[in-house]
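# Coordinate analysis (summary)
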Amino acid sequence: MQDFVFQNSTKLIFGKDKEQFVGKEAVAYGRKLLLHYGGGSIKSSGLYDRVKESLKDQGIEVFELGGVKPNPRVSLVREGVALCKEHDISFILAVGGGSVIDSAKAIAAGVHYEGDVWDFFDGKAEVTDCLPIGVVLTIPAAGSESSSGTVITNEEGWYKRSAMHPSMRPQFAILNPVLTYTLPAYQTACGITDMMAHILERYFTNEKNVELTDRLCEGALKTIINHAHTVLEEPTNYDARAEIMWAGTIAHNDMLGTGRIGDWASHDIEHEISGIYDIAHGAGLAIVFPAWMKHVYKHDINRFAQFANRVWDVEIDLNNLEKTALAGIRKTEEFFSSIGMPITLKEANIGDEHFSEMAKKGTERGPLGNFVPLDETNVLEIFNLAR
Ligand code: NZQ
Ligand code: ZN
């Protein structure tokens, strides 16, 4: 096991109706707040009104910036930075999913910086200090509600890039599973895939003697798998929604990665796809992850056989571990397909016209992943496996 420092300071407030406390939480960070949200789901669900009411009760002055698109764009981030600077805003409240939260984080990072905020994403500058942010989460998926990262897309060149800094971790996140009842089945499934991918990225490690985190990862994956079909068939099943919502945060709050080095190539490869084709991140992962698995499983057949056995209940064939490993990969694919995800590029209407460009862009800062480092040719092979 590797040495590690684990600190996740996001205060998590979980349960029914908890968004009513958002004003009380936010007021600790000043009385000028930017309310940041997406394309309108929070208005049709009534959440917007409840949040505004709670902020008003605390005497908070609210500035608004809506319109965050899935795969959030740097142009809106720049608008947000200008708005915060102009009005001397002290706190950003993100109400929505990963895209809104990531956009809020990027704004928060840009406010104390003189240059262009994209500098953080193309490696020209490091984030040092952010405005504090808070979250009311409406979709369990990205785990951004307690992560220290943000992923933003630059429309110029369609680069989708991330930036990380501990100060980007939200101060608090309100998680009310009831708020996820209105999610379309497709978005629910994208979220499920994303949270599973966050665990898988950590699970496939070269580190030895990490039994506790292996078992935690397997338990979290099994829980998600056990409840996935229920939330799709019964969108208002509170208990199942609650399990999925909590799993989405646990999957990406760094606890499951302690003592081990995760991989993350599949995420980097997926970002090339959603950067260009603007598909949902979770759908892109359902395509990339199985292809990545097929490309790398021979590197550690034992780990893939363990995954097949403990997560998918595949019986271990000691005389043919490769067969067990491959059965686990097949089960993963079948599961993604069963929840309505595409598992090939073709199913997502994506052809091979950008394969070379995506492989080149994706590896221009060096090989991807840690389990097996992948160069441009390897990434191209993964695109071919995902056809
Ligand atoms: O914009 P609105 O109208 O709110 O609609 C959204 C959006 O269309 C809708 N939605 C959200 N909550 C809803 C709802 N519709 C009905 N009822 C609700 N309760 O769902 C759509 C997708 O929202 P989005 O925020 O894009 O989803 P998600 O949370 O999956 O975020 C995806 C983004 O997060 C990034 C991804 O790359 C992608 O850009 N990621 C961020 C990470 C991080 N910061 O730590 C890590 C992840 O690996 C990921 O890369
Ligand atoms: Zn993800």
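Residues numbered from 1 in each chain as written. Chains lettered and ligands numbered in written order. Predicted model: local features only at pLDDT ≥ 70, side-chain atom pairs only at ≥ 80, totals over all residues.

Per an unreviewed UniProt entry, the protein goes by Butanol dehydrogenase and derives from Mesobacillus campisalis.

### Considerations on the overall build of the protein
Here is the rule: Put simply, DSSP marks the helices as runs of H or I at least four residues long and the strands as runs of E at least two long, and each gets a number from the N terminus on. In this description the radius of gyration comes from C-alpha coordinates, and the expected globular size is given by 2.2 Å times residues to the power 0.38. For every residue, the other C-beta atoms within 10 Å of its own C-beta are counted; 20 or more classify it as buried, 12 or fewer as exposed, and values in between as partly exposed. C-beta atoms are placed from the backbone. Here the contact rule is simple: place C-beta atoms from the backbone, and any two residues whose C-beta atoms are within 7 Å are in contact.
Helix and strand content of the protein: 14 helices and 8 strands. Taken over the C-alpha trace, the protein has a radius of gyration of 20 Å; the compact-globule value for 387 residues is 21 Å, and the two agree within 12%. Each principal axis of the C-alpha atoms in the protein carries an extent, and together these give about 70 × 45 × 45 Å. Residues counted as buried form 50% of the 387 residues belonging to the protein. When contacts within the protein are restricted to residue pairs at least 6 apart in sequence, long-range pairs at least 24 apart make up 78% of them.

### Digging into unusual backbone geometry
Here Asp17, not a glycine, exhibits a phi torsion of approximately 65°, which is positive. Note that Asp17 resides in the loop between β1 (11–14) and α1 (22–26). Judged by the 11 C-beta atoms lying within 10 Å of it, Asp17 falls in the exposed class. Positive phi outside glycine occurs at Trp158, with the angle close to 50°.

### Focus: the site of ligand 1
Put simply, the rule reads: Each residue gets a C-beta atom placed from its backbone. Should that atom fall within 6 Å of a molecule or strand, the residue is termed near it. Any residue that is not Ala, Val, Leu, Ile, Met, Phe, Trp, Tyr, Cys, Pro, Asp, Glu, Lys or Arg is counted as polar, Gly included; the first ten are nonpolar and the last four charged. For each domain, the first and last residues come from an automatic or database assignment.
Inspection of the region around ligand 1 gives 35 residues, with Gly38, Pro70, Gly97, Gly98 and Ser99 positioned closest. Every element with two or more residues in the shell around ligand 1 is listed here: α2 (41–44), α5 (98–110), β6 (149–154), α6 (185–203) and α10 (281–296). Here the residues of the shell around ligand 1 are counted per class, giving 10 nonpolar, 23 polar and 2 charged. Split by domain, the shell around ligand 1 shows at least three residues from each of two domains, domain 1 (11–179) and domain 2 (183–385).

### Some details on the nonpolar core
For the record, the criterion: The term nonpolar core refers to a group of buried residues, namely Ala, Val, Leu, Ile, Met, Phe, Trp, Tyr and Cys, whose C-beta atoms join them within 7 Å.
Counting 118 residues, the largest nonpolar core has Ile92, Val95, Ala108 and Ile199 as the members making the most contacts within it. Ranked by the residues each element gives to this core, the list is headed by α10, at 10 residues.

### Concerning the domain arrangement of the protein
A common way to state how big an interface is: give the accessible area lost once the parts meet. For the protein, the assigned domains read domain 1 (11–179) and domain 2 (183–385). Just the C-alpha atoms count here: the centres of domain 1 and domain 2 sit 26 Å apart. In this assembly, 20 residues from domain 1 lie in contact with 25 residues from domain 2. For the side of domain 1 that touches domain 2, the secondary structure elements donating two or more residues are β1, β6 and β7 (159–164). Per-class residue counts for the side of domain 1 that touches domain 2 are 13 nonpolar, 5 polar and 2 charged.

### Remarks on the packing of helix α11 (residues 301–312) against helix α12 (residues 321–338)
Where we set the bar: Axes, fitted as lines to C-alpha atoms, cover a helix only where it is in contact. Angles between the N-to-C directions of the axes lie from 0 to 180 degrees. In this scheme, roughly parallel covers angles under 35 degrees and roughly antiparallel covers those over 145, while 65 to 115 is roughly perpendicular and the rest are oblique. Crossing handedness: left-handed means the near helix sits turned counterclockwise from the far one by under a right angle, and right-handed means the same turn made clockwise.
With their axes 8 Å apart at the nearest point, α11 and α12 run at an angle of 55° to one another. The angle between α11 and α12 places the two elements in the oblique class. When the axes of α11 and α12 are compared, the crossing they make is left-handed. Every residue of α12 that contacts α11 at Ile301, Asn302, Phe304, Ala305, Phe307, Ala308, Asn309 and Trp312 is listed here: Leu321, Glu322, Thr324, Ala325, Ala327, Gly328 and Lys331.

### Describing the environment of Ala189
With respect to the element layout, Ala189 can be found in helix α6. Each C-alpha atom, one on Ala189 and one on Ser146, is 21 Å from the other, the two residues being 43 residues apart in sequence. Residue contacts for Ala189: discarding those within four places in its chain leaves Leu232, Gly282, Ile339, Gly340 and Met341.

### Things to note about helix α13 (residues 355–362)
Heads up, the condition is: Working definition: the arc comes from the directions between the helix axis and the C-beta atoms, pointing outward to the latter.
Every buried residue belonging to α13 is among Met358, Ala359, Lys361 and Gly362, and all of these are buried. Within α13, the buried residues cover an arc of 170° as seen down the axis, which keeps them to one side. Looking at the buried side of α13, the elements it contacts are α9 (265–277) and α14 (376–385).

### Remarks on the UniProt feature "domain: Fe-containing alcohol dehydrogenase-like C-terminal" (unreviewed entry) in the protein
In plain terms, the rule: UniProt positions are given in the numbering used here, feature names are shortened, and annotations may be inferred rather than shown by experiment.
Feature annotation in UniProt assigns "domain: Fe-containing alcohol dehydrogenase-like C-terminal" (unreviewed entry) to the following positions: residues 189–384. Secondary structure across residues 189–384 divides into 65% helix and 0% strand, with the first and last C-alpha atoms of the span separated by 24 Å.

### Topic: the sheet that holds strand β3 (residues 61–65)
Keep this limit in mind: Two strands are counted as paired when DSSP detects at least two bridges linking them.
Spatially, 6 strands are ordered β1-β8-β5-β4-β2-β3 in an open sheet, and the strand pairing comes out parallel. On the outer flanks of this sheet lie β1 and β3, each paired with one strand and no other. With direction set aside, neighbouring strand axes in the sheet form an average angle of 20°.

### Structural notes on the environment of Glu126
Mapped onto the secondary structure, Glu126 falls in the loop between α5 and β5 (133–137). The exposure class assigned to Glu126 is exposed, which follows from the 12 C-beta atoms found within 10 Å. Along the sequence, Glu126 and His165 sit 39 residues apart, while their C-alpha atoms lie 8.2 Å from each other.

### With respect to the pairing of β6
Both β6 and β7 contribute to a ladder of 6 bridges, which runs antiparallel. Note on β7: the bridge partner recorded for Ile152 is Arg161. With antiparallel pairing between neighbouring strands as the criterion, β6 and β7 make up a hairpin whose turn holds 4 residues, including Gly157 at a positive phi of roughly 95°.

### Section: the packing of α10 against α12
Packing of α10 against α12 leaves a shortest axis separation of 10 Å and a crossing angle of 170°. Judged on the interaxial angle alone, α12 and α10 are roughly antiparallel. Contacts between α10 and α12 pair Ala286, Pro290, Met293 and Lys294 from the former with Ile329, Thr332, Glu333 and Phe336 from the latter. For the contact of α10 with α12, the residue count by class is 5 nonpolar, 1 polar and 2 charged.

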